[in-house]
Amino acid sequence: MIDYVSILKQNPNGVLATQDKERIKTRVFQYLFADGNKVYFCTSSEKLVYAQLQKNPAVSFCVYPQNFNPVLSINGNAVFVEDLALKARVLDENPLIKGIYNTPNNSIFKIFYIDVVEVETFSFTDGPKSYKL
């Protein structure tokens, strides 16, 4: 199994893909941290992505380094959690996010994790690989 968390730490900015009915939507997101097969992110309850993930939690997050070696995609379902300790951690570790939401008690501040069930990679030397968790 590839150490996908290490790749995420080195390349925290990526593209999150969601689905709203038949339409696929991508947007830039930032990886925050991981705990086992849970990869954490945050958003606002006022954004379209929040509503989309409530209706259809299937999601994919893709990152890659400048040399594209490897391209990493994690796939699974988004799970929202209302854990003040996790929200405080996000704010403590991310000053830009803290500037937006200020406090873990902010009602629009939502955190979620991808419950990773599949990791896919591609590199020019090893080609495509897929790992089921």
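Calculation notes
Residues numbered from 1 in each chain as written. Predicted model: local features only at pLDDT ≥ 70, side-chain atom pairs only at ≥ 80, totals over all residues. Heavy atoms only, no water. Buried < 20%, exposed > 50% of the residue type's maximum accessible area, 1.4 Å probe, protein only. Helix = DSSP H or I, 4+ residues; strand = E, 2+ residues; numbered from the N terminus. Pairing = 2+ DSSP bridges. Phe/Tyr/Trp six-rings, centres within 6.5 Å; stacked < 30°, edge-to-face > 60°. Lys NZ or Arg CZ within 6 Å of the ring centre and 35° of its normal. Salt bridge = Lys/Arg side-chain N within 4 Å of Asp/Glu carboxyl O.

Caption draft 1: A look at the pairing of strand β4 (residues 38-44). For β4, the buried fraction is high: 6 of the 7 residues fall into the buried class. As defined by bridge partners, strand β3 (residues 33-35) adjoins β4 across 3 bridges and the pair is classed as antiparallel. Bridge pairing in β4 links aspartate 35 to lysine 38. The hairpin turn running from β3 into β4, its antiparallel successor, is 2 residues long, and glycine 36 in that turn takes a positive phi close to 65°. The pairing of β4 with strand β7 (residues 109-123) spans 7 bridges and is classified as antiparallel. Bridged to cysteine 42 within β7 is isoleucine 111.

Caption draft 2: Spotlight on the packing of aromatic side chains. Considering all chains together, one arrives at 11 aromatic pairs under this definition. Each ring, one from tyrosine 50 and one from phenylalanine 80, has its centre 4.9 Å from the other, and the planes form 75°; the classification is edge-to-face. Taken together, the residues span a long stretch of sequence, with tyrosine 50 in helix α2 (residues 48-55) and phenylalanine 80 in strand β6 (residues 71-81) at a distance of 30 residues. Look at phenylalanine 80 and you get partly exposed, because its relative accessible area is 24%. Here the aromatic rings of tyrosine 64 and phenylalanine 68 are separated by 4.9 Å at their centres, their planes lie at 15°, and the arrangement is stacked. Cluster of aromatic residues (ring-pair linked, three or more members): Phe29, Phe41, Tyr50, Phe61, Phe80 and Phe112. Positioned above the aromatic ring of phenylalanine 33, the side-chain terminus of arginine 89 is 3.6 Å from the ring centre.

Caption draft 3: Layout of the pattern of salt bridges. For the structure shown, the criterion picks out 4 salt bridges. Here glutamate 82 and lysine 110 are joined by a salt bridge, their closest N and O atoms 3.0 Å apart. Of the two residues, glutamate 82 is situated in the loop between β6 and α3 (84-93) and lysine 110 in strand β7; the sequence distance between them amounts to 28 residues. Judged by relative accessible area, lysine 110 falls into the buried class, the value being 13%. Linking lysine 132 and glutamate 118 is a salt bridge whose minimum nitrogen-to-oxygen distance equals 3.3 Å. Here the residue lysine 132 occupies a position in strand β8 (residues 127-132), and glutamate 118 occupies one in strand β7, the gap between them amounting to 14 residues. Relative accessible area serves as the criterion here: at 64%, lysine 132 is assigned to the exposed category. Looking at glutamate 118, the relative accessible area reads 16%, which means it is buried. One continuous salt-bridge network, built from bridges that share partners, spans Glu82, Lys87 and Lys110.

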